[in-house]
Each structure stands twice: as structure tokens, then as C-alpha cells.
Amino acid sequence: GENVEQHPSTLSVQEGDSAVIKCTYSDSASNYFPWYKQELGKRPQLIIDIRSNVGEKKDQRIAVTLNKTAKHFSLHITETQPEDSAVYFCAATNAGGTSYGKLTFGQGTILTVHP
Amino acid sequence: DAGVTQSPTHLIKTRGQQVTLRCSPKSGHDTVSWYQQALGQGPQFIFQYYEEEERQRGNFPDRFSGHQFPNYSSELNVNALLLGDSALYLCASSLTRRSTGELFFGEGSRLTVL
């Protein structure tokens, strides 16, 4: 089955700096890679996703890149703000295949943005 | 448009007891997946229901069972509770027809087993 590794486990930055979180996956059949933000005691919320037919996607201060050959994808947050502080999870799945809907999550990154 | 709703939000059980958790999917969604999130960990896939049948299952014992009703809502049942079952149980809904892969999560049911 799929295995997703996420690094770093904790990340501390100053407000205004950039933050980068990296994930690798093992199953070459995976074609959908979402990123979720989870605040303390809250549900995971989708912040951005990317499919295997594109290499990069951007939404305001957030961007995700995908390298299918190396089987890794990354989340980039620019101009970080204190409200970006949360746990971030990457995930992978084969959307539309036999494992549809079965997301495999990374271990999470605790991002702390200091004012 | 109501999102994914789960009940109860919190509950405490003792070892050996049984628990039932409930989930109503986002309006228009037909598929429900259940995840277990232990403290400090990423969510782990338990199983998924579509057309009232279990379509996929993760690496969880038979003590974990579920059901989907004709209105697409779902239940997760856990028998013979163990201390290690303490976790946040997340329900996620999606649409199999015209699937995009995107899941919408509920706020979860936090189970504590004493």
C-alpha cells in the first residue's frame, strides 16, 4: 500500500518568512495530493491540492509542487502570518482507482509562526 | 449548505464497552469514509462506505464495523473497546460520481476509553 513520509515534524518561523514542508510517497499509482491544515481541536481543512497532471499550483500565499519522477511534493507558504500556525498534513491517493477516497496521510508538521 | 456533521462530539467509555458514532455527509455526497486520528498523528483510514456497502477497508480489526443508510448517513461501531482506541474519529464525505478525490471532514468525535 501507499506510504507517505512528511518532514519536518516541527517548523518554527518568524512572521513574514517562508515555510516549506516536504512529503514523499511510495505508490506510483497515486495521482491526487491534498494538503490539510488542522488547528487544535478542529477538523482537517483542505487548503490546496494538486493532481499528477500538473507540476505546480498556486493559491495566493500557498503553493504546492509535485515531482512525479522523484515521488515527492512540497507545500510552500510565503509571507507567513501567526494565523498560519497549525498542524499541516500531506496526503496521497489514487483518485478514481480502486483505492479511491482512501487518503494516506503523512505524520504532520507543527508550524509555529512567531509575531 | 450543511457540511459534514458528526455526533457525539465527545464521549467517555470504559474498556470492554461498545460505542456507536454517527455521521451525516455533506449535502449531495454519496460516500462516507472513517478515519482514526490518535493524538499527535495523522488520520488513519478505517473504511469507506458507498451504496450501503463497505467498499474499502484499512488495517483495522473486525471490532470496527460500520453501516451506511439509504440517506447516505453512516455509523461507526467499535466493540470490546481497548485503551488504545482512544482517539479522534473523523468522518469524511465525498462524491463517487464525478469524483474529484476531494474529501470533506467533519469536526470529529473524540473518544476516551478509561
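Remember, it's a predicted structure, so these values are computed and weren't measured experimentally. (Residues numbered from 1 in each chain as written. Chains lettered and ligands numbered in written order. Predicted model: local features only at pLDDT ≥ 70, side-chain atom pairs only at ≥ 80, totals over all residues. Heavy atoms only, no water.)

Trainee: Sorry, what's going on with the packing of aromatic side chains here?
Mentor: By convention here, two paired aromatic rings are described through the distance between centres and the angle between planes. Under the counting rule described, the total for this entry stands at 13 aromatic pairs over all chains. Judged by centre distance (5.6 Å) and plane angle (70 degrees), the ring pair of Trp35(A) and Phe73(A) falls under edge-to-face. Of this pair, Trp35(A) sits in strand 4 (residues 32-38) while Phe73(A) sits in strand 8 (residues 72-77), placing them 38 residues apart in sequence. Classification of Phe73(A) by relative accessible area gives buried; the value is 0%. A network of ring pairs unites the aromatic residues Tyr36(A), Phe89(A), Phe105(A), Tyr35(B), Phe45(B) and Phe105(B) as a single cluster. One cation-aromatic arrangement involves Lys26(B) over Phe104(B); the distance from NZ or CZ to the ring centre is 5.1 Å. (Phe/Tyr/Trp six-rings, centres within 6.5 Å; stacked < 30°, edge-to-face > 60°. Helix = DSSP H or I, 4+ residues; strand = E, 2+ residues; numbered from the N terminus. Buried < 20%, exposed > 50% of the residue type's maximum accessible area, 1.4 Å probe, protein only. Lys NZ or Arg CZ within 6 Å of the ring centre and 35° of its normal.)

Trainee: Is there a simple way to think about the environment of Glu102(B) in this case?
Mentor: Its location among the elements puts Glu102(B) in the loop between strand 9 (87-94) and strand 10 (104-105). The partly exposed category is assigned to Glu102(B), whose relative accessible area is 23%. The sequence separation of Glu102(B) and Ala92(B) amounts to ten residues, and the corresponding C-alpha distance is 9.5 Å. Setting aside its immediate chain neighbours within four residues, Glu102(B) contacts Tyr32(A), Leu46(A), Ser93(B) and Ser94(B). (Contact = heavy atoms within 4.5 Å.)

Trainee: I would appreciate a short explanation of the state of the cysteines in the present structure.
Mentor: Here is the idea: a disulfide is a covalent bond, and it sits between the sulfur atoms of two cysteines. Tallying each qualifying case throughout the model produces two disulfides over all chains. A sulfur-sulfur distance of 1.9 Å marks the disulfide that ties Cys23(A) to Cys90(A). Taking the sign of the torsion about the S-S bond as the criterion, the disulfide between Cys23(A) and Cys90(A), at about -100 degrees, is left-handed. A residue pair is termed long-range when its members are at least 10 positions apart, and Cys23(A) in strand 3 (residues 19-25) and Cys90(A) in strand 9 (residues 86-92) qualify at 67 residues. Residues Cys23(A) and Cys90(A) agree in their burial class; the two are buried. In this model, Cys23(B) is linked to Cys91(B) through a disulfide, with the two sulfur atoms separated by 1.8 Å. (Disulfide = S-S within 2.5 Å.)

Trainee: I would appreciate a short explanation of the interface of chain B and chain A in the present structure.
Mentor: Frequently, the measure chosen for interface size is the accessible area that the parts lose on association. Across the contact, 25 residues belong to chain B and 21 residues belong to chain A. When the two sides are added together, the surface that chain B and chain A hide from each other amounts to roughly 1,700 Å², 52% of it contributed by carbon and sulfur. When the area that chain B buries against chain A is broken down by residue, the three leading residues are Gln56(B), Phe105(B) and Glu107(B), summing to 28%. Applying the counting rule to chain B against chain A returns one salt bridge. If you look at where chain B meets chain A, you find five residue pairs in polar contact (both at pLDDT 80 or more). (Buried area = accessible area lost by both parts, 1.4 Å probe. Salt bridge = Lys/Arg side-chain N within 4 Å of Asp/Glu carboxyl O. Polar contact = N/O pair within 3.5 Å; in protein donor to acceptor, adjacent residues only side chain to side chain.)

Trainee: Even after reading the chapter, I still don't get the layout of surface pockets, so can you show me in this structure?
Mentor: If a probe the size of a water molecule is rolled over the atoms, the empty space left behind becomes visible. Within this model, the largest pocket holds a volume of roughly 490 Å³. As for the largest pocket, its lining consists of 24 residues, of which Glu2(A), Leu103(A), Thr104(A), Phe105(A) and Gln44(B) are closest to the centre. Looking at the lining of the largest pocket, the elements that each hand over two or more residues are strand 10 (104-105) of chain A together with strand 5 (44-50) of chain B. Of the residues in the lining of the largest pocket, the class split is seven nonpolar, 14 polar and three charged. A volume near 420 Å³ is recorded for the second largest pocket. Along its surface, the second largest pocket is lined by 21 residues, and Gln38(A), Val87(A), Gln37(B), Gly40(B) and Gln41(B) are the ones closest to its centre. Broken down by secondary-structure element, the contributors of at least two residues to the lining of the second largest pocket are strand 9 and strand 11 (109-114) of chain A. Counting residues per element, the lining of the second largest pocket draws most heavily on strand 9 of chain A, at three residues. (1 Å grid on protein atoms, 1.4 Å probe; cavity = no way out; pocket = protein on both sides within 12 Å on 5 of 7 lines; lining within 4 Å. Points joined across faces, edges and corners; volume = space filled by probe spheres on them. Nonpolar A, V, L, I, M, F, W, Y, C, P; charged D, E, K, R; others polar.)

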